[in-house]
Amino acid sequence: MEVSQPKELAYSETELNRTEGAIIENLKAGAQQPIADPDKWLDEELKKNIFLTTVDAAINWARRSSLWTVVCFPACCAFEFITTAGSRFDISRFGMEIIRASPRQADLMITAGTLTWKMAPNVKRIYDQMPEPKWVIAMGACAVSGGIFRSSYAVVPGYNHIIPVDVYVPGCPPRPENLLYGIRLLQKKIAKESLMKG
Ligand code: SF4
């Protein structure tokens, strides 16, 4: 039986060994130091982009920065509110430029005007239809106490007789600066609220 001869190699074994050795030596030369951790940048970026806070602080920040006012402006203080909402005083700085005709989309009632007993049930219904949480700013002497009409049989001696009031802004009428100050006070009050208190 005829035995087949091995084919002649293209390179001698010595050459192959040298080539292989050169490759290994090259790799060794470039691998003296460990490769840097490719995720190292995460340490730096995370430090710059994560901040810790409480749920209360985050929710209160969102709530006080987006108070939407329901339409409830039964008398002359309304014009001071309108001025406050205009470009000169600009309540959109506080995220408040959206005035809602639907109480279900509002969380703030600014009671700008004298309230008569005839209107009172409607104002109370609007307040009751606003979802929780909700707040009230009594704007002007009439809203605070009935103002110059307090002794009238037809006037409610302050909105706090029919709905809970959070902030009182006196004046007849109060200037826009006064109302803005009242809004800032309400924002501070909201900042102190807690979900734990229900
Ligand atoms: S406080 Fe003065 S301006 Fe405001 S609703 Fe009463 S009377 Fe009008």
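Scope of this entry: the structure provided in the associated data block. This one's a predicted model, so the numbers in the text were calculated from it and none came from an experiment.

## Description of helix H5 (residues 120-129)
Here's step 1: For H5, the set of buried residues is Ala120, Val123 and Tyr127. Axial view of H5: buried residues confined to an arc of 70°, hence all on one face.

## Here we look at the pairing of strand E4 (residues 135-139)
Here's step 1: Of all five residues in E4, five are buried, a share of seventy percent or more.
Here's step 2: Strand direction decides the pairing type here: strand E3 (residues 108-112) and E4, joined by five bridges, are parallel. Bridge pairing links Thr111 to Ala138 in E4.
Here's step 3: One crossover worth recording links E3 to the parallel E4 by way of H5, and it is right-handed.
Here's step 4: By the bridge criterion, three bridges tie E4 to strand E5 (residues 167-169) in an arrangement that is parallel. Counted as the bridge partner of Ala138 is Tyr168 from E5.

## A closer look at a nonpolar patch on the surface
Here's step 1: A cluster of nonpolar side chains, contributed by Trp41, Leu42, Leu46, Ile50 and Leu52, occupies part of the molecular surface with about 560 Å² of accessible area.
Here's step 2: By secondary structure assignment, the location of Leu42 is in helix H2 (residues 40-49).

## Details of unusual backbone geometry
Here's step 1: Across the junction of Glu132 and Pro133, the peptide omega takes the value -5°, indicating a cis bond.
Here's step 2: Assignment of secondary structure puts Pro133 in the loop between H5 and E4.
Here's step 3: The omega angle of the peptide bond from Cys172 to Pro173 is -10°, so this bond is cis rather than trans.
Here's step 4: Tracing the backbone shows Pro173 in the loop between E5 and helix H7 (176-191).
Here's step 5: In this structure, Asp90 is a non-glycine residue whose phi angle is positive, near 60°.
Here's step 6: Take Asp90: its relative accessible area is 25%, and that puts it in the partly exposed class.

Each value, and the rule that gives it
- Residues numbered from 1 in each chain as written.
- Predicted model: local features only at pLDDT ≥ 70, side-chain atom pairs only at ≥ 80, totals over all residues.
- Heavy atoms only, no water.
- Buried < 20%, exposed > 50% of the residue type's maximum accessible area, 1.4 Å probe, protein only.
- Helix = DSSP H or I, 4+ residues; strand = E, 2+ residues; numbered from the N terminus.
- Arc of directions from axis to C-beta.
- Pairing = 2+ DSSP bridges.
- Right-handed = clockwise from strand over helix to strand, strands pointing away.
- Patch = residues over 30% accessible without salt bridge, like charges linked within 9 Å, V, L, I, M, F, W, Y side chains within 5 Å.
- Areas by Shrake-Rupley, 256 points an atom, 1.4 Å probe, with all protein chains shown as cover.
- Salt bridge = Lys/Arg side-chain N within 4 Å of Asp/Glu carboxyl O.

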